[in-house]
Amino acid sequence: MGQNDEEERLLRSVALRNAQSILVARQRAEEDLVRAKDALERKTRELAHSLAVVRATLSSIGDGVITTDVEGRITALNPVAALLTGWSEEEARGEPLDRVFRIVGGDGRHPVENPALKSLREGRVVGLANHTILIAKDGTERAIDDSAAPIEDEQGQVLGVVLIFRDVSARRKDEERLRQSEAQFRRLADALPHIVWTARPDGFIDHYNERWYEFTGFSRGEYGDESWKPILHPEDVQRCLDTYYGCVLSGDLYRIEYRFKDRRTGGYRWFLGQAYPVRDEQGRIVRWFGTCTDIDVTKRAEQSSRFLADASATLAELADYESTLHKVASLAVPAFADWCTVDVREAGGSMRRLAVVHADPSKVQLVHEIFRRYPPKPSATHGVMKVMRTGESDWMARIPEPLLAALTKDEEHLRLVHELELGSYICAPLKSRTTTHGVLTFATAESGRTYDAADLVAAEDLAHRTAIAIENAKLLGALQESDRRKDEFLAMLAHELRNPLAPIRNAVEIFRAQGPPVPELQWATEVIDRQVYQMNRLVDDLLDVSRITWGKIELRKERVELATIVQSAVEASRPLIEKWGHELTVTIPPQPIELEADLTRLSQVIANLLNNSAKYMDQAGRIWLTVEREGGHVLIRVEDTGIGIPDEMLHRIFDMFTQVDHSLERSEGGLGIGLTLVQRLVEMHRGTVEAHSEGPGKGSEFVVRLPVAAAAASRAPDGAASDVGKVVTPALRRILVVDDNWDAADSLGMLLRMMGHEVHTAHDGPEAVGAAAVFRPDVVLLDIGLPKLNGYEVARRIRKLEGGAGLMLIALTGWGQEEDRRRSKEAGFDHHLTKPVELADLQGLLAGSEPS
Ligand code: ADP
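Now for a quick tour of the structure. Here the structure is a predicted model, which is why all the values come from computation and not from measurement.

## A short note on the overall build of the protein
At step 1: From N to C terminus, the protein includes 26 helices and 29 strands.
At step 2: Taken over the C-alpha trace, the protein has a radius of gyration of 59 Å; the compact-globule value for 852 residues is 29 Å, which it surpasses by more than 25%.
At step 3: Structurally, the protein occupies a C-alpha span of about 215 × 100 × 65 Å along its principal axes.
At step 4: The buried share of the protein, taken over its 852 residues, is 43%.
At step 5: Pairs at least 24 residues apart make up 60% of the contacts formed inside the protein by residues separated by at least 6 positions.
At step 6: Taken as two groups, the 106 positive and 132 negative side-chain charges of the protein have centres that lie 3 Å from each other.

## A look at the sheet that holds strand 19 (residues 583-587)
In sheet architecture, strand pairing relies on hydrogen bonds along the backbone and comes in two forms, parallel and antiparallel.
At step 1: One open sheet accounts for 5 strands, arranged 19-21-22-24-23; its pairing is mixed. A single partner strand is all that each edge strand has here, and the edge strands are strand 19 and strand 23 (688-693). With strand direction ignored, the average angle separating the axes of adjacent strands in the sheet is 15 degrees.
At step 2: Across 8 bridges, the pairing between strand 22 (residues 633-640) and strand 24 (residues 700-707) is antiparallel. Counted as the bridge partner of Leu635 is Arg705 from strand 24.

## Topic: the site of the ligand
At step 1: Taken together, 20 residues sit near the ligand, with Asn612, Tyr616, Asp640, Gln659 and Leu675 positioned nearest.
At step 2: At 2.6 Å from an oxygen atom of the ligand is found a side-chain nitrogen or oxygen belonging to Gln659.
At step 3: Against a free-state accessible area of 530 Å², the protein chains account for coverage of 96% of the ligand.
At step 4: Listed by contribution, the elements that provide at least two residues to the shell around the ligand are helix 18 (599-615), helix 20 (674-684) and strand 24.
At step 5: At 3 residues, helix 18 tops the list of elements feeding residues into the shell around the ligand.
At step 6: The class makeup of the residues in the shell around the ligand is 9 nonpolar, 9 polar and 2 charged.

## A look at the packing of aromatic side chains
At step 1: With the rule as written, the count across this model stands at 17 aromatic pairs.
At step 2: Between Phe101 and Phe165, the aromatic rings sit 4.8 Å apart at their centres with planes inclined by 55 degrees, giving tilted as the arrangement. A residue pair is termed long-range when its members are at least 10 positions apart, and Phe101 in the loop between helix 4 (97-100) and strand 3 (102-105) and Phe165 in strand 7 (residues 158-167) qualify at 64 residues. Each member of the pair Phe101 and Phe165 is classed as buried.
At step 3: Judged by centre distance (6.1 Å) and plane angle (80 degrees), the rings of Phe307 and Phe442 are edge-to-face. Linking Phe307 in helix 9 (residues 296-317) with Phe442 in strand 17 (residues 436-443), this pair joins segments that are 135 residues apart in sequence. Of the two residues, Phe307 and Phe442, neither departs from the other in class, the shared state being buried.

## As for the state of the cysteines
At step 1: Counted under the stated rule, the structure contains 0 disulfides.
At step 2: No disulfide involves Cys247; its nearest neighbouring cysteine sulfur is the one of Cys240, lying 11 Å away.
At step 3: Distance from the sulfur of Cys340, which forms no disulfide, to the nearest cysteine sulfur (Cys427) is 10 Å.
At step 4: A relative accessible area of 0% places Cys340 in the buried class.

## Describing the packing of helix 11 (residues 362-373) against helix 14 (residues 411-419)
The axes of two packed helices give the description: the angle between them and the distance between them.
At step 1: Two elements in contact, helix 11 and helix 14, have axes separated by 10 Å at closest approach and are oriented at 150 degrees. When the axis of helix 11 is compared with that of helix 14, the two are roughly antiparallel. Between helix 11 and helix 14 lies a crossing whose hand is left-handed. Between helix 11 and helix 14, the contacting residues are Lys363, Leu366, Ile370 and Arg373 on the first element and Glu412, His413, Leu416, Val417 and Glu419 on the second.
At step 2: Of the residues that constitute the contact of helix 11 with helix 14, the class distribution is 4 nonpolar, 1 polar and 4 charged.

## Re the pattern of salt bridges
At step 1: Summed over all chains, the structure comprises 63 salt bridges.
At step 2: We note a salt bridge from Glu113 to Arg121, for which the minimum N-O separation is 2.6 Å.
At step 3: Judged by relative accessible area, which is 42%, Glu113 ranks as partly exposed.
At step 4: Relative accessible area serves as the criterion here: at 56%, Arg121 is assigned to the exposed category.
At step 5: Arg637 is paired through a salt bridge with Glu701; the nearest N and O atoms lie 3.0 Å apart. Of this pair, Arg637 sits in strand 22 while Glu701 sits in strand 24, and the two are 64 residues apart along the sequence.
At step 6: Relative accessible area serves as the criterion here: at 16%, Glu701 is assigned to the buried category.

Definitions and limits used
- Residues numbered from 1 in each chain as written.
- Predicted model: local features only at pLDDT ≥ 70, side-chain atom pairs only at ≥ 80, totals over all residues.
- Heavy atoms only, no water.
- Helix = DSSP H or I, 4+ residues; strand = E, 2+ residues; numbered from the N terminus.
- Rg over C-alpha atoms; globule rule 2.2 N^0.38 Å.
- Buried < 20%, exposed > 50% of the residue type's maximum accessible area, 1.4 Å probe, protein only.
- Contact = heavy atoms within 4.5 Å.
- Lys, Arg positive; Asp, Glu negative; His and termini not counted.
- Charge placed at Lys NZ, Arg CZ, Asp CG, Glu CD.
- Pairing = 2+ DSSP bridges.
- Axes fitted to C-alpha atoms, helices over the stretch in contact; angles between N-to-C directions.
- Near = heavy atom within 4 Å.
- Polar contact = N/O pair within 3.5 Å; in protein donor to acceptor, adjacent residues only side chain to side chain.
- Areas by Shrake-Rupley, 256 points an atom, 1.4 Å probe, with all protein chains shown as cover.
- Nonpolar A, V, L, I, M, F, W, Y, C, P; charged D, E, K, R; others polar.
- Phe/Tyr/Trp six-rings, centres within 6.5 Å; stacked < 30°, edge-to-face > 60°.
- Disulfide = S-S within 2.5 Å.
- Parallel < 35°, antiparallel > 145°, perpendicular 65-115°, else oblique.
- Left-handed = near helix turned anticlockwise from the far one by under 90°.
- Salt bridge = Lys/Arg side-chain N within 4 Å of Asp/Glu carboxyl O.

Shape is all these values report; function is a separate question.
This is the structure:
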């Protein structure tokens, strides 16, 4: 084989490989082509779909859409845009945007820049709700909102713009309608006589009507929604805020009374504020509708009438009239006046400012100061002095400045009066039938209130009633004074009556001691004894009542058994009961009943009731004294078959000096104070007493109810009680008897001598001291009420004499109160006896004294 063959074989194999490669490559290219074709088809399909979506979107969307190229020429226009502009897509495509989308400004039709062109130029979004008007091809105008956005490629290159706009004319119409109805509402609100306001659901006040600006003098918007703040009374602010926002939260009706400053008068006026929530169909609050109504006149009338009623009630209390007047003045402020004064005429004719009450306490001083520095002249032409002079009211709705200047004395006076901010005033006389007692002055200041004729009538009426109350109080005072003097007189009388009784009793004792008397003399002695005893009882009663009246009686309470009390009472009344031949039945429970009581006083109570039964009953009647226990109380019942008590007298029977029949002739008849004593003593024992009777002739029943003492603690043996009844044989003594009543001194002296004692008498203080020094007595019986030197002083001096410290000093006095006993003890007395002295008591004391 030749070289050519080899070359040829080589060439062939190369050609074959090439051909194979070409084939492979071609095959690959074909496959790539198929793939590319597939991809292209897919892309085309996707694009077509997207375009269809865009087109469908554009044609179905409610907004108008126009797109332009970078030159601002229209590339597309959707059906809504075609409808609104009046251009079809074919007509519009390629047209400059300004021709198709012609707009002017909504307010005032001023030229406006096309937002799409602006967006194209600036490469940003422009517009939105910009209130423009689109003028269609046929000249139709529509309110639109528009906006535009640039179309950019992936590198941010601006390719054109898309303009979107919508017809808002319907909405604009709604808004316009709303605006008009709002304006109409405001016109209506302005026509209302009240202040009217509205607020948003959150409470923000967004409108006040014209009345508000007239009343406040503010200009619209001056204080925003808080324009109530500067004029609301400071005391009402918090209350109003709390209530208002409470209602805003709860949706409840808002209703409250408060005070607004009145710029014309500078004072405050009362208003009623109300607000109602306005709700939509779903019940949501969309607005608050509020009103402020001036209720000043009614509110003040209401306050005035409440004041008048309260003041009248105060007058009826009839306490001491000065405090009553103070109270009336305080009630007047602020209900009826900003300040009130009460001036009264003193006994000498001068005027006294009794009360000053001011709404502002710092001004009270000012009123006082003006009165002190510039006292009103009796000849004054206005005010208090004029009213005192004429007895007629003086009033003024508003005091003119020139008058104020004329009435004041100098610059300083005028300055002080100005500080009071005096507005309106009424000076009403406190005039009763006979006298003008003073003047009641009401004045207004910061409240800005002015008095009218109705206020004058009210003030005069009150002043008149006040005057009557003053007169009544004065009469009552006089009555009480005379009552006091009567009580004082009674006390004196009883005391004075007691003194002569002592010597009479002593004289009787002397008669008795004289041995067997002639029968006539014995009879006379008994008569005197009985009558003195009777008189003594009356005087004791009289003394007791007046002591109770003066609060001077003191109980000596101890634990006592009721049976002891009853026994002692029965003993005391027995003579009278027996004298009239009555039958007494006493019933006491067997168990002991203990009381915390004054034995003497309680037996006096029961004896009084028994005596009354005996007195007010025909001969041979029946009396029942029954004791019953009822829980923690004991009932002591005294019943009789006597003359009874008429129904109308039952409630008065315990009053002092009350007697059913004054003419009733009974030797034991009293003064009408026995039951008064009974009642007061029982009350002092925390008990009660009642009278019952079926009427005249039907007998009477008195029931005393007393608390039983708490369970008894073991009692110490009562040493004193065991001494009672012990027979005492007195040792013979040297006795000095001192009394300025000669009969008393001498008769007691004679009695003591008859008992074997050595007696010396003296009749005044110095004489007593002298006698004590010379006579050197073991015992001195010393009266307290002595001339020249009283008994206390005499006692002190006797104690200082030689041997004076050891002798027995016994006070003899008409006054046996704790206070008197304390004083005599302080003065150095050993014992204290009340007159008339019971011989047994004196003997007891003498027996206990040691001869010096
Ligand atoms: P006095 O007995 O001193 O008049 P009292 O205060 O004890 O005063 O009694 C007042 C009056 O009450 C008596 O005057 C009498 O009219 C009436 N009275 C009291 N107790 C009785 C009684 N048991 N029965 C009828 N009347 C009585």
